[in-house]
Amino acid sequence: MTRQKILVIYYSQTGQLKRIADVITGPLQQQANIVYEEIIPVQPFPFPWNKQEFFDTMPETVLGRPRGIQPLKVDPDTPFDLVILAFQPWFLSPSQPVAAFLQSQEAARLLKGRNVITLIGARNMWLNALETVKKYLYQLGACLVGNIALVDTAPNLVSVITIVRWQFKGKKEATRFLPPAGVQEKDIQAAARFAVPIREALQRGNYQQVHQQLLALDAVTLKPNLVLLENRGMKAFRFWSAYISAKGGPGAPERQPRLFMYRTLLLLGIIALSPLTAISSMITLRLKRNKLQEEVAYFKGVSLR
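Position labels on residues start from 1 in each chain and follow its written sequence. For a predicted model such as this one, the threshold for reporting local features is a pLDDT of at least 70, and the threshold for listing and counting side-chain atom pairs is 80 or more; totals across whole chains, interfaces and linings nevertheless cover every residue. Computation of side-chain values covers all heavy atoms of the structure but excludes hydrogens and water.

### Examining the overall build of the protein chain
1) Next: Looking only at helices and strands, the protein chain has 13 helices and seven strands in total.
2) Next: Relative to the compact-globule value of 19 Å for 305 residues, the protein chain shows a C-alpha radius of gyration of 19 Å, a close match.
3) Next: Residue burial in the protein chain is summarised as follows: out of 305 residues, 50% are buried.
4) Next: Contacts are residue-level and defined by heavy atoms, with any inter-residue pair within 4.5 Å sufficient. Counting contacts in the protein chain only where the partners sit at least 6 residues apart, residues at least 24 apart contribute 81% of the total.
5) Next: Reported accessibility uses the Shrake-Rupley method at a 1.4 Å probe radius. Residues are deemed covered only where the shown protein chains occlude them. If you sum the accessible surface of the protein chain, you get close to 14900 Å²; carbon and sulfur atoms cover 57% of it.
6) Next: Working convention for charge: Lys and Arg count positive, Asp and Glu count negative, and His plus the chain ends are omitted. A charge is said to be at NZ when it belongs to Lys, at CZ for Arg, at CG for Asp and at CD for Glu. Taking the average location of the 37 positive side-chain charges in the protein chain and that of its 21 negative ones, the two points are 6 Å from each other. Only runs of H or I of at least four residues qualify as helices and only runs of E of at least two qualify as strands under DSSP, and these elements are numbered from the N terminus. Just to be clear, the radius of gyration here is over C-alpha atoms, and the globule rule we use is 2.2 Å times residues to the power 0.38. Under the scheme applied here, a residue whose accessible area is under 20% of the maximum for its type counts as buried, over 50% as exposed, and between as partly exposed, the area being computed with a 1.4 Å probe on protein chains only.

### Quick notes on the nonpolar core
It is characteristic of soluble globular proteins that their nonpolar side chains tend to be buried jointly.
1) Next: Here, nonpolar core refers to any group of buried Ala, Val, Leu, Ile, Met, Phe, Trp, Tyr and Cys residues whose side-chain atoms link them within 4.5 Å. One finds Phe101, Leu102 and Leu111 to be the most contacted residues of the largest nonpolar core, which totals 93 residues.
2) Next: A per-element tally of this core places helix α11 (residues 224-245) first, with eight residues.

### Quick notes on α11
1) Next: The end-to-end C-alpha distance of α11, which contains 22 residues, comes to 32 Å, matching closely the 32 Å that a straight helix rising 1.5 Å per residue would cover.
2) Next: Turning to α11, its buried residues are Leu226, Val227, Leu228, Leu229, Glu230, Met234, Phe237, Trp240, Ser241, Ile244 and Ser245. Expected helix span is taken as 1.5 Å per residue step, with the number of steps being one fewer than the number of residues.

### Describing the sheet that holds strand β6 (residues 115-122)
1) Next: What the five strands build is an open sheet, ordered β2-β1-β3-β6-β7; its pairing is parallel. For this open sheet the edge positions go to β2 (32-38) and β7 (143-151), each flanked by a neighbour on one side alone. For this sheet, the mean angle separating the axes of adjacent strands, direction not counted, is 20°.
2) Next: Should DSSP find at least two bridges between two strands, the strands are regarded as paired. In the sheet, strand β3 (residues 82-87) pairs with β6 via five bridges, with the strands oriented parallel. Looking across to β6, one finds that Ala86 is bridged to Leu119. Note on definitions: angles span 0 to 180 degrees between N-to-C directions of axes, and those axes are lines fitted to C-alpha atoms, for helices only across the stretch in contact.

The structure is reproduced here in structure tokens:
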């Protein structure tokens, strides 16, 4: 019997996303040949981040103008049975290395006609990033058959504090008052359950039911208020990305004053406006509950409207 071929293509600054992919694909090793392909930027992004460079990365990330990446090691004409695309959201958009890959000719050859499962590791907001990835996959002629989204389950403001500490100081571990940053270890280990429907789809050669089976295993959990928060956040990011980039590219001195304004208002907004946003979200949830439930159902799926 011919062994199935799976490609896991990923970009992971901290290694967390790669670990999640390892846990999910580990049970599939006996059935399939699994090839890992890391997306490597020509000019690496730092970790921990320098604060100025982190915020200066926002405009091009949101506008879909990523830095270049190195050529892939894998032959883009290899006929993989399944591709697992593992990515992180940056500023509610796919990370620049993943966006660069999806814009490349290699992706056009590699993903055309292929079944794809997206794997997301995020703080808690990933909806708009997945929408962008869906559009890329549609343009490339790929077939998105499933999505898995693992998030930090800590309360929103707590996860903001822990992720900032991890991003800028490299400290992921728990403190006396705070949990570890990122996706919790128990959730990473439990992700092995997602291998079961993937294995069954590989055996059948049919992926039509795999996403519904993944959903039954809680591969995607989504609170309605996150739909509201992301939509508001994305509008702000689009405005600021256009406003900042109008003064030049990454690192341009002319755009630094505008970048400083954006950075200051963002931090003030997170601290001062979060309570007001929570209250307004509660009101909107009551007034537009049915519409939001429709949005939740859509974002939990893999179709593109």
